[in-house]
Every structure is written in structure tokens, then in C-alpha cells.
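If you want the building blocks of each chain, they are given just below.
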Amino acid sequence: MVGLKGFTQDDRYLYFQLEYINGGELFTYLRTEGRLTPEHARFYAGQVTLMFEYLHSKHIIYRDLKPENLLIH
């Protein structure tokens, strides 16, 4: 979960200022490394599962799960 620091808007767009996460996204990591080791795959799968459990406990539905949207630290 990335913290929201603030937001603003103009006539056309809504802008979010998010917390900086040093590490990048899972998509870039996969493109660089080629594939995950079984241990890393289990770790990231577990983290995604915990994220969904947390969001669902808050009655939030997340519909855009893809490697480009998963930040790694």
C-alpha cells in the first residue's frame, strides 16, 4: 500500500502525490531478471494475497492487478 501525500486537479486531470517507493515495479524487475525463483514467486504471491485480504476487509475492491501496478521495495 502506497501512502497518499496529497492531490490536486485542473480542468482535465486529477493528480495524486504518492509516497516514494524505492525499488520500482514488478514488471520492470521481471523484464530485467527474466523469471522469479520459486522462493521469490511464493513471497510475492503471499504478499498479493495479504494485500487482497486487507483491502477486502476494508470493503475495497481492486480490479487492476498486473505486474506494472505492483511496487517492490
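Our subject is the structure listed above.
Calculation notes
- Counting restarts for each chain: residues are numbered from 1 in the order of the written sequence.
- Since the coordinates come from a predicted model, pLDDT governs what is reported: local features require at least 70, and pairs of side-chain atoms require 80 or more to be given and counted, while whole-chain, interface and lining totals use all residues.
- Values shown for side chains rest on all heavy atoms present in the structure; no hydrogens or waters enter the calculation.
- In this description a helix means any DSSP run of H or I spanning at least four residues, a strand means any run of E spanning at least two, and both kinds are numbered starting from the N terminus.
- A 1.4 Å probe rolled over the protein chains alone gives each residue an accessible area, and that area as a share of the maximum for its type sets the label: buried under 20%, exposed over 50%, partly exposed in between.
- As used here, the term nonpolar core means buried Ala, Val, Leu, Ile, Met, Phe, Trp, Tyr and Cys residues forming a set that is joined through side-chain atoms within 4.5 Å.
- Any two residues having at least one pair of non-hydrogen atoms within 4.5 Å are treated as being in contact.
- Here a cavity denotes a set of grid points, spaced 1 Å apart and computed over the protein atoms alone, in which a 1.4 Å probe fits but from which it cannot get out, and a pocket denotes an open set meeting protein on both sides within 12 Å along at least five of seven lines; residues with an atom within 4 Å of a point are reported as lining.
- Grid points are joined across faces, edges and corners, and a volume is the space filled by probe spheres set on the points.
- Note on residue classes: Ala, Val, Leu, Ile, Met, Phe, Trp, Tyr, Cys and Pro are nonpolar, Asp, Glu, Lys and Arg are charged, and everything else, Gly too, is polar.

(A) A look at the environment of Ile61. For Ile61, the location among the structural elements is in the segment after helix 2 (38-57). Taking relative accessible area as the criterion, Ile61 reaches 70% and is therefore assigned exposed. Through-space distance from the C-alpha of Ile61 to that of Thr37 is 29 Å; in sequence the pair is 24 residues apart.

(B) Geometry of the nonpolar core. Among the nonpolar cores identified, the biggest contains seven residues, and these are Leu26, Val48, Met51, Phe52, Leu55, Leu70 and Ile72. At four residues, helix 2 tops the list of elements feeding residues into this core. For Phe52, the residues in contact, after removing those within four places along its chain, are Tyr62 and Leu65.

(C) Seen up close, the layout of surface pockets. One number sums up the size of the largest pocket: a volume of about 780 Å³. Lining the largest pocket are 19 residues, and of these Met1, Met51, Asn69, Leu70 and Leu71 lie nearest its centre. Among the elements that line the lining of the largest pocket, the one with the most residues is helix 2, at seven residues. Of the residues assigned to the lining of the largest pocket, the class counts are 16 nonpolar, three polar and no charged.

The analysis is restricted to geometry; functional conclusions fall outside its scope.
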